[in-house]
Amino acid sequence: MEKKNTISRRNTFLFGAATAASSFANTPVAFSSDLPASLDWSNPQERARIKAAVKGSSANETVYSFFRLHIYAYANKDNLIPLVTMSNLNVAKWRPLDNGNYGASVYEAGVYTKFDSDEVLEEFTNPITGKKRKPWRFLGGPIKVQIGPDGIVTGPTATLKPKEMEIQVLGDTVMIPTASAFSFPNPISPKAFPKESSGEKIYWDSHYVFFSNLKDVLNKSITSIPSHIQFQNLVSFHPWLGMEGVEGRTWGRAYGTKVKSIDQIPEKYLRGIEKETPEIFDIENWKEPGDDYKEYINDRLL
């Protein structure tokens, strides 16, 4: 039976937060000068409630989000090259905290499909190298996330410190953007693994925007505000792509939404997730986070 693998460093899909929560907050978010007074954005408790309810929930409940992520290669020249698409399911168990913030345990699963297709990818032909590669599935979590008035809460030693950007209200749409960036030494070195390595360091940039209706945001009885989500990632090539030293990164464009239940996810996408990542449907027994690169080395390179 094929060994199933988990993922760790790539746990930045939700809010760009792959670090455990602590009592230290990020730099306070800037305020737009034209926000409607009804939003009460200067009130720290309201800011925390709104951010938690838009991104997840301000109550004890499980929130599901589903995305389609289209991934391209950028080789530092010419146009983007389509590679693959991912069906990505996020499950988060939210709760209010005693300190007035909101916390969540977040789990993710993703299955690669042919580009812009629901067909699960069994084999991938790299359009740059021409080589055939075996896809690597995506599992992320569990990770702990805490949201306060100024956004994601991280400690002083956190690798990743998401930056809250200025909230925007255009018409009846509230937009809450976040930007994240980090890098770390690549455990899959070019010298040891020249075909798989993307270089001496791994780079990750991720930019999210959550879109919600202003009336829903102002309604305090809605604990999980309906929201649409869009993000872009600019990430060092993952080793499973086998770029063989080609310089560049993958650029990912995703769009998705909260769903009230898993049943709202189209069956054509759900079948692949159920087949390749059954763990996401049994999070009560999913306890330990994985180490993506270590597991990739053990499974594919040793």
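Computed from a predicted structure; not experimentally measured. (Residues numbered from 1 in each chain as written. Predicted model: local features only at pLDDT ≥ 70, side-chain atom pairs only at ≥ 80, totals over all residues. Heavy atoms only, no water.)

Points about the packing of aromatic side chains
Applicable threshold: Only rings of Phe, Tyr and Trp enter the pairing, Trp through its six-membered ring, and a pair is recorded when the two centres are within 6.5 Å. The plane angle decides the type: under 30 degrees is stacked, over 60 is edge-to-face, the rest tilted. Classification of residues uses two cut-offs on accessible area relative to the type maximum, computed with a 1.4 Å probe and protein chains only: under 20% is buried, over 50% is exposed, and between them is partly exposed.
A complete count under the given rule lists 12 aromatic pairs for this structure. Measuring from ring centre to ring centre gives 5.7 Å for Phe 182 and Phe 184, while their planes differ by 20 degrees; the resulting arrangement is stacked. Phe 184 shares its class with Phe 182; the two are buried. Taking relative accessible area as the criterion, Phe 182 reaches 10% and is therefore assigned buried. Linked through ring pairs, Phe 67, Tyr 208, Phe 210 and Phe 231 together constitute an aromatic cluster.

Description of helix H1 (residues 44-55)
Here is the rule: Numbering goes from the N terminus for both helices and strands, where a helix is a DSSP run of H or I of at least four residues and a strand is a run of E of at least two. In a helix, the anticipated span is given by 1.5 Å times the number of residues less one. What qualifies as a polar contact is a pair of N or O atoms within 3.5 Å, subject to a donor-acceptor requirement within protein and to the restriction that residues adjacent in sequence count only when both atoms come from side chains.
With 12 residues, H1 extends 17 Å between its outermost C-alpha atoms, agreeing within 8% with the 16 Å of an ideal straight helix rising 1.5 Å per residue. Across the 12 residues that make up H1, a large majority, 10, are buried. Those residues of H1 that sit buried are Glu 46, Arg 47, Ala 48, Arg 49, Ile 50, Lys 51, Ala 52, Ala 53, Val 54 and Lys 55. For H1, the capping residue at the N-terminal end is Asn 43, with a side-chain oxygen 2.9 Å from the backbone nitrogen of Gln 45.

Overview of the pattern of salt bridges
For clarity, the threshold we go by: When a carboxyl oxygen of Asp or Glu is within 4 Å of a side-chain nitrogen of Lys or Arg, the pair counts as a salt bridge.
Enumeration according to the criterion identifies 14 salt bridges in this entry. For Arg 47, the salt bridge is made with Asp 150, and the minimal N-O distance between the two is 3.1 Å. Placement of Arg 47 in helix H1 and of Asp 150 in the loop between strand E6 (138-148) and strand E7 (151-152) is noted, with a sequence separation of 103 residues between them. As far as burial versus exposure is concerned, Arg 47 and Asp 150 are alike and both buried. The shortest N-O distance in the salt bridge between Asp 299 and Arg 300 comes to 3.3 Å. Relative accessible area serves as the criterion here: at 23%, Arg 300 is assigned to the partly exposed category. Three or more residues joined by partner-sharing salt bridges are found here, namely Glu 46, Arg 49 and Lys 220.

Some points on helix H3 (residues 267-276)
Counted only if it meets this: For this quantity, the arc is that covered by the directions from the helix axis to the C-beta atoms. Any two residues having at least one pair of non-hydrogen atoms within 4.5 Å are treated as being in contact.
Buried within H3 we find Tyr 269, Leu 270, Gly 272, Ile 273 and Glu 276. Within H3, the buried residues cover an arc of 160 degrees as seen down the axis, which keeps them to one side. Those residues of H3 that are buried lie in contact with strand E1 (61-74), strand E2 (81-96) and strand E3 (102-114).

Considerations on the nonpolar core
Short version of the rule: Working definition of a nonpolar core: buried Ala, Val, Leu, Ile, Met, Phe, Trp, Tyr and Cys residues. They are joined through side-chain atoms within 4.5 Å.
Of all hydrophobic cores here, the largest spans 45 residues; its most connected members are Leu 39, Val 84 and Trp 240. Secondary structure elements with two or more residues in this core: H1, E1, E2, strand E10 (173-185), strand E11 (201-213), helix H2 (214-218), strand E12 (228-236) and helix H4 (292-301). Excluding its chain neighbours within four sequence positions, the residues that come into contact with Val 84 are Leu 69, His 70, Ile 71, Tyr 112, Thr 113, Phe 115, Leu 121, Phe 124 and Trp 240. Counting 17 residues, the second largest nonpolar core, distinct from the first, contains Phe 66, Ile 262, Tyr 269 and Ile 283.

Digging into the pairing of E10
Our working definition: Pairing between strands is defined by DSSP: at least two bridges between the two strands are required.
Where strand E8 (residues 163-164) and E10 come together, two bridges link them in antiparallel fashion. Residue pairing across strands places Lys 163 opposite Ala 179, the latter belonging to E10. The pairing of strand E9 (residues 168-170) with E10 spans three bridges and is classified as antiparallel. Paired with Gln 168 across the bridge in E10 is Met 175. Connecting E9 to the antiparallel partner E10 that follows it, the hairpin turn spans two residues, and Gly 171 within it adopts a positive phi of roughly 65 degrees. Relative to E11, E10 runs antiparallel, the two being bridged by 13 bridges. By the bridge assignment for E11, Phe 182 is matched with Trp 204.

Points about the environment of Ile 283
Following the sequence through the fold, Ile 283 ends up in the loop between H3 and H4. Accessibility expressed as a relative area gives 12% for Ile 283, which makes it buried. The sequence separation of Ile 283 and Tyr 107 amounts to 176 residues, and the corresponding C-alpha distance is 7.5 Å. When near neighbours in sequence (up to four residues on either side) are disregarded, Ile 283 contacts Val 91, Lys 93 and Tyr 107.

Section: the side chain of Ser 105
You can see Ser 105 is positioned in strand E3. Of note is the side chain of Ser 105, whose polar atom sits 2.6 Å from the side chain of Lys 144. Beyond its immediate sequence surroundings of up to four residues, Ser 105 is in contact with Val 91, Ala 92, Lys 93, Arg 95, Ile 143 and Lys 144.

Quick look at the side chain of Thr 85
Among the structural elements, Thr 85 can be located in strand E2. Looking at Thr 85, the relative accessible area reads 0%, which means it is buried. A polar atom in the side chain of Thr 85 sits 2.8 Å from the side chain of His 70. A distance of 2.7 Å separates a polar side-chain atom of Thr 85 from the backbone nitrogen of Asp 116. Other than its neighbours up to four places away in sequence, Thr 85 contacts Arg 68, Leu 69, His 70, Val 111, Tyr 112, Thr 113, Lys 114, Phe 115 and Asp 116.

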